[in-house]
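# Remarks on the overall topology
Single-letter residue listing:
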Amino acid sequence: MIDDRKLKILHAIIRDYISTGEPVGSRTIAKKYNLGISPATIRNEMADLEEMGLLEQPHTSAGRVPSNKGYRLYVDRIMECERLSQEEEAIIKHQILKNEYEINTLIHHVSSLLSDLTKLTCVVNTRSVKRNCVISIQLIKVDNNGILCIMVMDSGIIKNKLVKVSYVPNEEVLSNIGKIITNDLKELFIEQITLEVIEGLKEKLGGYDDIVEAVLPALYEGLNSKTVDELFMEGTTNIFNYPEYNDIENAKKMLSLLHNKTEIPKLIGNNDGITVRIGDENFVPEANDCAIISANYTLGGKELGTIALIGPKRINYSKVLSIMNMVMKELNETLNDE
């Protein structure tokens, strides 16, 4: 069982190491952090923390650095998320809201935003979608014989199709027709839209059979749409902000990992909320010196993809997690806002 004094010393060491990247000694802790104890006492406590596996000593006479276990304890028990400034919150909300009408554009902007705010590499993996069901159909009058049919699938695919009919009713009637079609076909896969379903729809929309018959082919086209896995990233060169990657071999190892399209999806997947994996918690050996913070984004309860931040273990977890929390909250709320 670790006592409060050891927790405070561990906290101070991790804060200092995150800030400087240099091994931390007892004199540094005594001078910079007002813990009310002598360097000798701190030195003894650091030795105990090392025995507990929470600190490591890279060189014989050097200070200590956090171990994977130490970082994990810090994230789980010690750290408090840093409060974002009003300016940072405003930037996040503005960037998400201004792109809310197109999912692909929105996700690209979010990845760029996360990379800029955290100074880390942001990786996005969009899921392949083999089957779609419709969640919304909107009909808009273009002219006396033209209707723009806008279909939104649960996979995030949006299809626009111009259909021709013999007569287009007024906008209020057309809007109601769109709502009735949506209600009858919502959450149905293509094989579930049977002749019986179509006849029932036509019966409800007596007199507007030609609109139903014009919209159905466009709907089938949308339901047959497929997306493929897409992996993209922003801020690859951000790793060079960290002294860890001034070493050419470390830099090559990290860049090789980032461009490994087989391993990256495995590393950033399987998330329940926001997931933090540190060091050897990343089961790929090339990522054992990394911290990976990842989360899924969803539409209508369906997972659309994963967003992850990747950097060295010595990242500012307090700030990065605050940013990630707010961005994912705003993103998922926007995606699922009717």
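What counts as what
- Residues numbered from 1 in each chain as written.
- Predicted model: local features only at pLDDT ≥ 70, side-chain atom pairs only at ≥ 80, totals over all residues.
- Heavy atoms only, no water.
- Buried < 20%, exposed > 50% of the residue type's maximum accessible area, 1.4 Å probe, protein only.
- Helix = DSSP H or I, 4+ residues; strand = E, 2+ residues; numbered from the N terminus.
- Contact = heavy atoms within 4.5 Å.
- Phe/Tyr/Trp six-rings, centres within 6.5 Å; stacked < 30°, edge-to-face > 60°.
- Pairing = 2+ DSSP bridges.
- Axes fitted to C-alpha atoms, helices over the stretch in contact; angles between N-to-C directions.
- Parallel < 35°, antiparallel > 145°, perpendicular 65-115°, else oblique.
- Left-handed = near helix turned anticlockwise from the far one by under 90°.
- Salt bridge = Lys/Arg side-chain N within 4 Å of Asp/Glu carboxyl O.
- Core = buried A, V, L, I, M, F, W, Y, C linked by side-chain atoms within 4.5 Å.
- Nonpolar A, V, L, I, M, F, W, Y, C, P; charged D, E, K, R; others polar.

### A closer look at helix H4 (residues 68-78)
In terms of burial, H4 is largely enclosed, as eight of its 11 residues are buried. Along H4, the positions that sit buried rather than exposed are Asn68, Gly70, Tyr71, Arg72, Leu73, Tyr74, Val75 and Ile78. As for H4, its buried residues are in contact with helix H1 (4-20), strand S2 (65-66), strand S8 (275-278) and helix H12 (317-335).

### Points about the packing of aromatic side chains
Summed over the entire model, instances satisfying the criterion amount to two aromatic pairs. When the centroid spacing of 5.8 Å and the interplanar angle of 50° are considered together, the rings of tyrosine 71 and tyrosine 317 count as tilted. Here tyrosine 71 is found in helix H4, whereas its partner tyrosine 317 is found in helix H12, with 246 residues between them in sequence. Here tyrosine 71 and tyrosine 317 have matching classes, each one buried. The interplanar angle of 65° and the centroid separation of 6.4 Å between the aromatic rings of tyrosine 74 and tyrosine 317 together place this pair among those described as edge-to-face. Within this pair, whereas tyrosine 74 is found in helix H4, its partner tyrosine 317 is found in helix H12, the two being separated by 243 residues in sequence. Taken together through their ring pairs, the aromatic side chains of Tyr71, Tyr74 and Tyr317 make up a single cluster.

### Here we look at the sheet that holds strand S3 (residues 121-126)
The strand order across the open sheet built from five strands is S7-S3-S10-S9-S8, with neighbouring strands paired in antiparallel fashion. Edge positions in the sheet fall to strand S7 (230-234) and S8, since each has one partner strand and no second. Sheet twist, expressed as the mean angle between neighbouring strand axes with direction ignored, is 20°. Two elements, S3 and S7, share five bridges in a ladder whose sense is antiparallel. Paired with asparagine 125 across the bridge in S7 is leucine 231. The sheet contacts of H12 involve S8, strand S9 (290-299) and strand S10 (302-312), and relative to S9 the element is tilted by about 15°.

### Quick look at the packing of helix H5 (residues 86-97) against helix H6 (residues 103-118)
Following both chains from N to C, one finds H5 and H6 inclined at 160°, their axes separated by 9 Å at the closest point. Overall, the two elements H5 and H6 adopt an arrangement that is roughly antiparallel. Crossing hand, H5 versus H6: right-handed. Contacts from Ile91, Ile92, Gln95 and Ile96 in H5 reach Leu106, His109, Val110, Leu113 and Leu117 in H6.

### Details of the pattern of salt bridges
Counting across every chain of the model gives 18 salt bridges. Its salt-bridge partner being lysine 319, residue glutamate 82 comes within 3.7 Å of it at the nearest N-O pair. Of the two residues, glutamate 82 is situated in the loop between H4 and H5 and lysine 319 in helix H12; the sequence distance between them amounts to 237 residues. Note that lysine 202 is salt-bridged to glutamate 213, the shortest N-O span being 2.8 Å. Taken together, the positions of lysine 202 in helix H8 (residues 195-204) and glutamate 213 in helix H9 (residues 209-223) put the pair 11 residues apart, joining distant regions of the chain. Beyond isolated ion pairs, a larger network of salt bridges with shared partners links Asp3, Arg5, Lys6, Glu45 and Asp48.

### Considerations on the sheet that holds strand S6 (residues 158-164)
With antiparallel pairing, three strands are arranged side by side in an open sheet as S4-S5-S6. Bordering the open sheet on either side are strand S4 (134-143) and S6, each of which pairs with just one other strand. The mean inter-strand angle of the sheet, taken between neighbouring strand axes irrespective of direction, is 20°. Relative to strand S5 (residues 146-153), S4 runs antiparallel, the two being bridged by eight bridges. Pairing of lysine 141 across the sheet is with isoleucine 147, part of S5. Packed onto the sheet, helix H7 (residues 171-185) meets S4 and S5 and runs at close to 160° relative to S4.

### Details of the nonpolar core
Core analysis: the largest hydrophobic core is formed by 76 residues, its most contacted members being Leu114, Tyr297, Ile307, Tyr317 and Leu331. Counting residues in each nonpolar core, the second largest holds 28 residues, with Ile137, Val165, Ile193 and Ile211 among its members.

### Notes on the packing of H7 against H8
With their axes 11 Å apart at the nearest point, H7 and H8 run at an angle of 150° to one another. In terms of axis orientation, H7 runs roughly antiparallel to H8. Crossing angle aside, the handedness with which H7 passes H8 is right-handed. Contact residues: H7 offers Ile180, Ile181, Asp184 and Leu185, while H8 offers Val197, Leu201 and Lys204. Partitioning the contact of H7 with H8 into residue classes produces five nonpolar, no polar and two charged.

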